[in-house]
Amino acid sequence: MSDEAIIKRLKVVVKEHGGQLGLAGAIGVDQGFISKVINKKQDISYYLIRKLCFQLKYSPEWLILGTGEKMINKPESAKLITEIQMMRTEVDILQARMRAYEIELKELREQLHVSEKKAV
């Protein structure tokens, strides 16, 4: 999933809603939030994708992958959004574990370094 590609599709959505202010009003967020995402000062969040899908009926498949129909009319779309949320949660958990392993590895390297100094 390329953030650049998602931002490109987000710009399409912005244009369809008369600009950032119009889109922000339609989904109940601050215009600055939309601006930050488009200008890559803030990551694209599940929160924004969920609002675009649930409130404006954009397809999560189209928003995220760029495939399929742009708009959704199908009841299984809510299931897809839930699955995306679950996957995002799993990614967050894996990233947290990775950070913990990196800290542990750093501590082990420091201990090894201290042990090597004592041995000399």
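Residues numbered from 1 in each chain as written. Predicted model: local features only at pLDDT ≥ 70, side-chain atom pairs only at ≥ 80, totals over all residues. Heavy atoms only, no water.

Naming follows an unreviewed UniProt entry, where the chain appears as XRE family transcriptional regulator of Mucilaginibacter celer.

Further remarks concern the domain arrangement of the chain. A common way to report how large an interface is uses the accessible area buried once the components associate. If you check the domain split of the chain, you get domain 1 (3-65) and domain 2 (74-119). On the domain 2 side, the residues contacting the seven residues of domain 1 number six residues. Of the roughly 580 Å² buried between domain 1 and domain 2 on both sides combined, carbon and sulfur atoms contribute 89%. Among the residues of domain 1 in contact with domain 2, Y46, F54 and P60 are the three that bury the most area, contributing 77% of the side total. The interface formed by domain 1 and domain 2 contains zero salt bridges. (Domains from an automatic or database assignment. Contact = heavy atoms within 4.5 Å. Buried area = accessible area lost by both parts, 1.4 Å probe. Salt bridge = Lys/Arg side-chain N within 4 Å of Asp/Glu carboxyl O.)

Let's shift gears to the packing of aromatic side chains. On inspection of all chains with the given rule, the structure shows two aromatic pairs. Residues Y58 and W62 carry aromatic rings whose centres are separated by 6.0 Å and whose planes lie at 25 degrees to one another, so their mutual orientation is stacked. We note that Y58, like W62, is buried. (Phe/Tyr/Trp six-rings, centres within 6.5 Å; stacked < 30°, edge-to-face > 60°. Buried < 20%, exposed > 50% of the residue type's maximum accessible area, 1.4 Å probe, protein only.)

Okay, the side chain of R9 next. With respect to the helices and strands, the residue R9 is situated in helix α1 (residues 3-16). Other than its neighbours up to four places away in sequence, R9 contacts W62, L63, I64, L65 and G66. (Helix = DSSP H or I, 4+ residues; strand = E, 2+ residues; numbered from the N terminus.)

According to UniProt, the positions carrying the feature "domain: HTH cro/C1-type" (unreviewed entry) are residues 23-63. Counted over residues 23-63, helix gives 68% and strand 0%. Its end C-alpha atoms are 15 Å apart. (UniProt positions renumbered as here; feature names shortened; annotations may be inferred.)

Another point: unusual backbone geometry. Within the chain, K40 stands out as a residue other than glycine whose phi angle is a positive 60 degrees. Tracing the chain through its elements places K40 in the loop between α3 (31-38) and α4 (46-56). Accessibility expressed as a relative area gives 54% for K40, which makes it exposed.

Turning our eyes to something else, we now look at α3. Burial analysis of α3 places six of its eight residues in the buried class, the great majority of the element. The complete set of buried residues in α3 reads G32, F33, I34, S35, V37 and I38. Against the buried residues of α3 lie α1, α2 (20-27) and α4. Of the residues flanking the start of α3, the one acting as N-cap is D30, its side-chain oxygen 2.9 Å from the backbone nitrogen of G32. Once α3 finishes, K40 follows within two positions and takes phi at roughly 60 degrees, a positive value. (Polar contact = N/O pair within 3.5 Å; in protein donor to acceptor, adjacent residues only side chain to side chain.)

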